[in-house]
Amino acid sequence: MIPLDRFTSPTLMAGLMILLVIAFPAWALEASQVSSPTPSPIASMGQQDIDAGQRLFRIHCARCHGMLGDGGEGPSLKRARLVHVDDDDELFAVISEGIRGTGMPGVFGPNDQELWQIAGYVRSLGRLPVEEMPGNPERSADLYATRGGCNACHIVNGDGKGVGPELTEVGLRRNLEYLRRSLTNPDADYPMRTDRMSGRINAFLTVQVVGPTGEIEGMRVNEDEFSVQIRDLAGSIHSFDKHTLRSFKKAFGHSLMPGYTTVFSADEVDDLASYLMSLKGSR
Ligand code: HEC
Ligand code: HEC
């Protein structure tokens, strides 16, 4: 056994103190190295990595962000500044995990190195020239509010009714072609939302029910095994026990939004689509 008094001996204590003083700076240095940011792998990427990133992008991302990254169901990524992303680590996280509560899913398959290559390619897109707007957004106030009556179903900056999706930031979410198509052929698009619990769901599914009080058409707000909630065109919410319904139809591919080809000329559709592209919220 080691005699206890060895630990209280003054020489030993002094020795311990000296050891601590010498060892401390080394330990502190090591800790600071661990927490200091490592440079992003994108900084040292060559063209080969960017090209590999482009190939992966076409497989995993192009169906929403376009073959050239100029958008579609997802936003154009040809922007120097992204909304959800400040630094490269956040870009990596958005690509691997998606953005909760939006139509942006996380990707499955690519390993970390490949994810960085995709991120590198996305960054290279931000250095390309941005999409030019064909129309004149200033002309569209009258088109939107008066002739279009869009306020009846959409909210922009707190104005309007929320039957359809809020449009305050629609210019960040979609590209020009998609918005043009929303106006000319609303049945063609189904805005999606990803949800951790239920995966990708159609956020604006039109449903038609015949219930105890008659027929109602509206948008599905919620649905489970036993009940369904529907928002009608006036904005009122109706809730039904499914077993009380005489008929319950999901109208995939049928939008509540009217098509506007007979209301607007092609130039006016361009003006309005350019206006929608300019709606980028205040983030
Ligand atoms: C199912 C469609 C879909 C797929 C597939 C998809 N995205 Fe997205 N992505 C979206 C949508 C929609 C948004 C906009 C989310 C929002 O803000 O509402 C988005 C947003 C983003 C953003 C954020 C943009 C910003 O301004 O902050 C990045 C970056 C991005 N996506 C990259 C990718 C990459 C890289 C891939 C492939 C690995 C990918 N996405 C696959 C639909 C998709
Ligand atoms: C009767 C209600 C109604 C009216 C009026 C209406 N919309 Fe819509 N809109 C909707 C619904 C519902 C959706 C959801 C997707 C779908 O069903 O097509 C939608 C979708 C959209 C989208 C796609 C949004 C996204 O994120 O994908 C855009 C853009 C849009 N509307 C713009 C307009 C504009 C501009 C007008 C006026 C010219 C207008 N809407 C008039 C109901 C309406």
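To keep things clear, this report deals only with the structure shown in the data block. Predicted model, so just to flag it, every value in this text is computed and none were measured. (Residues numbered from 1 in each chain as written. Chains lettered and ligands numbered in written order. Predicted model: local features only at pLDDT ≥ 70, side-chain atom pairs only at ≥ 80, totals over all residues. Heavy atoms only, no water.)

## Concerning the coordination of the iron atom of ligand 2
Here is the rule we go by: Atoms of type N, O and S within 2.8 Å of a metal are treated as its donors, and for Na, K and Ca the window is 3.2 Å; water is not considered, so some sites may appear to be missing partners. In this scheme the shape depends on donor count and angles: four donors with every angle between 85 and 135 degrees give tetrahedral, four or six donors with opposite pairs above 155 degrees and others between 65 and 115 give square planar or octahedral in turn, and any other case is irregular. Note on conventions: DSSP H or I runs of at least 4 residues are helices, E runs of at least 2 residues are strands, and numbering of each starts at the N terminus. Throughout this description, buried means an accessible area under 20% of the type-specific maximum (1.4 Å probe, protein chains only), exposed means over 50%, and partly exposed covers the range between.
Protein-derived ligands of the iron atom of ligand 2 are His 154 (NE2) and Met 257 (SD), with the metal-ligand distances lying across 2.0 to 2.1 Å. One can describe the site at the iron atom of ligand 2 as octahedral: its six donor atoms subtend angles covering 86 to 179° at the metal. Linking His 154 in the loop between α7 (140-147) and β1 (155-156) with Met 257 in the loop between β9 (247-250) and α10 (266-277), this pair joins segments that are 103 residues apart in sequence. Residue His 154 is classed as buried on the basis of its relative accessible area, which comes to 11%.

## Considerations on the site of ligand 2
To be explicit about the condition: Residues are labelled near a given molecule or strand when at least one of their non-hydrogen atoms is within 4 Å of it. Polar contacts, as used here, are pairs of N or O atoms within 3.5 Å; protein pairs need one atom able to donate a hydrogen and one able to accept it. Residues neighboring in sequence count only if both atoms are side-chain atoms. Asp, Glu, Lys and Arg are counted as charged, while Ala, Val, Leu, Ile, Met, Phe, Trp, Tyr, Cys and Pro are counted as nonpolar; the rest, among them Gly, fall into the polar class.
Around ligand 2, 28 residues are found, and the nearest of them are Cys 150, Cys 153, His 154, Tyr 178 and Met 257. Take Tyr 178: an N or O atom from its side chain is 2.7 Å from an oxygen atom of ligand 2. Residue Ser 255 places a side-chain N or O atom 2.7 Å away from an oxygen atom belonging to ligand 2. If you list the elements that add at least two residues to the shell around ligand 2, you get α9 (176-184) and α10. Of the residues that constitute the shell around ligand 2, the class distribution is 19 nonpolar, six polar and three charged.

## Here's the deal with the coordination of the iron atom of ligand 1
For the iron atom of ligand 1, every protein donor is listed as His 65 (NE2) and Met 104 (SD), and the spread of their distances is 2.0 to 2.1 Å. For the iron atom of ligand 1, the six donor atoms in the first shell make angles of 86 to 180° at the metal, a pattern classed as octahedral. Taken as a pair, His 65 in helix α4 (residues 62-65) and Met 104 in the loop between α5 (88-97) and α6 (112-125) lie far apart in primary sequence, 39 residues in all. Judged by its relative accessible area of 10%, His 65 is buried.

## Regarding the sheet that holds β9
Selection criterion: Only strands that DSSP links by at least two bridges are regarded as paired with each other. Axes here refer to lines fitted to C-alpha atoms; in helices the fit is confined to the stretch in contact. Angles between the N-to-C directions go from 0 to 180 degrees.
Read across the sheet, five strands follow the order β8-β7-β6-β5-β9 without closing on themselves; strand pairing throughout is antiparallel. The open sheet has two free edges, formed respectively by β8 (237-241) and β9, since each of these has just one partner strand. Across the sheet, the axes of successive neighbouring strands diverge by a mean angle of 35°, strand direction being ignored. As defined by bridge partners, strand β6 (residues 214-223) adjoins strand β7 (residues 227-232) across five bridges and the pair is classed as antiparallel. From the neighbouring strand, Gly 218 faces β7, where its bridge partner is Asp 232.

These figures capture arrangement, not role.
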